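# Structural description and commentary
The chain contents come next:
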Amino acid sequence: MRKMLIGMLVFAFLAGCGGGGGTSAPSPFAGTWAGTWSGGGENGTANVTISNSGSYAGTVVNNTQALNGTTVGSISSGGNVSGSLTYDGFAPVAMTGS
């Protein structure tokens, strides 16, 4: 699971960390982000929607381990990611980073 977490954090940063939050200006990264990720010897795809407030939700596929999952969380205006990643049949894994 640690390798999967690394992969998702890599994707989160590539997707444009730094979205806004609170009552500030809308996140410049709001929208749907889709692409591939890799890290820790694993790879997959992700499709994440980031709202104007910086919250996100999406789906994640780990091709290496043939797992499907979901991710939810937020990206602060300072670029800090906080959320969770849950693969089918596994407990959620917390994700944080900057």
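Residues numbered from 1 in each chain as written. Predicted model: local features only at pLDDT ≥ 70, side-chain atom pairs only at ≥ 80, totals over all residues. Heavy atoms only, no water.

### Side note on the overall build of the protein chain
Within the protein chain, the secondary structure is distributed over one helix and six strands. Taken from N to C terminus, the helices and strands of the protein chain fall in the order α-β-β-β-β-β-β. Expressed as a percentage of its 98 residues, the buried residues of the protein chain come to 38%. Within the protein chain, contacts between residues at least 6 apart in sequence are counted, and of these 35% link residues at least 24 apart. Taken as a whole, the protein chain presents about 4800 Å² of accessible surface, with 57% of it coming from carbon and sulfur. (Helix = DSSP H or I, 4+ residues; strand = E, 2+ residues; numbered from the N terminus. Buried < 20%, exposed > 50% of the residue type's maximum accessible area, 1.4 Å probe, protein only. Contact = heavy atoms within 4.5 Å. Areas by Shrake-Rupley, 256 points an atom, 1.4 Å probe, with all protein chains shown as cover.)

### Some thoughts on the side chain of Thr71
Among the structural elements, Thr71 can be located in strand S4 (residues 67-75). Of the polar contacts made by the side chain of Thr71, one reaches the backbone oxygen of Ser84; its length is 2.9 Å. (Polar contact = N/O pair within 3.5 Å; in protein donor to acceptor, adjacent residues only side chain to side chain.)

### Quick look at the sheet that holds S4
Strand order in the open sheet formed by six strands is S1-S2-S3-S4-S5-S6, and the pairing between neighbours is antiparallel. One side of each edge strand has no neighbouring strand; the edge strands of this open sheet are strand S1 (31-39) and strand S6 (93-97). On average, each strand axis in the sheet is inclined to that of its neighbour by 20°, with strand direction left out of account. For strand S3 (residues 55-62) and S4, the ladder comprises eight bridges, and the chain directions are antiparallel. Bridged to Ala57 within S4 is Val72. (Pairing = 2+ DSSP bridges. Axes fitted to C-alpha atoms, helices over the stretch in contact; angles between N-to-C directions.)

### So, the environment of Ala46
Mapped onto the secondary structure, Ala46 falls in strand S2 (residues 42-50). By relative accessible area, which is 5% here, Ala46 ends up buried. Between the alpha carbons of Ala46 and Gly35 there is a distance of 5.7 Å; along the sequence they are 11 residues apart.

### Let's talk about the confidence of the model for the protein chain
Chain-level statistics for the protein chain give a pLDDT mean of 82 and a share of 76% at 70 or above. Here helix H1 (residues 2-14) is the element of the protein chain with the lowest mean pLDDT, 50, and S3 is the one with the highest, 97. (pLDDT = per-residue confidence, 0-100.)

### Here's the deal with the side chain of Glu42
Position of Glu42 among the secondary structure elements: in strand S2. Judged by its relative accessible area of 7%, Glu42 is buried. Within the structure, the side chain of Glu42 is placed 2.6 Å from the side chain of Asn62, a separation counted as a polar contact.

### Considerations on the nonpolar core
Looking at soluble globular proteins, one finds that nonpolar side chains tend to be buried together. Residues Trp37, Ala46, Val48, Ile50, Tyr56, Val60, Leu67, Ile75, Val81, Leu85, Tyr87 and Met95 constitute the largest nonpolar core, which totals 12 residues. Counting only elements with at least two residues in this core, the list comes to S2, S3, S4 and strand S5 (81-87). (Core = buried A, V, L, I, M, F, W, Y, C linked by side-chain atoms within 4.5 Å.)

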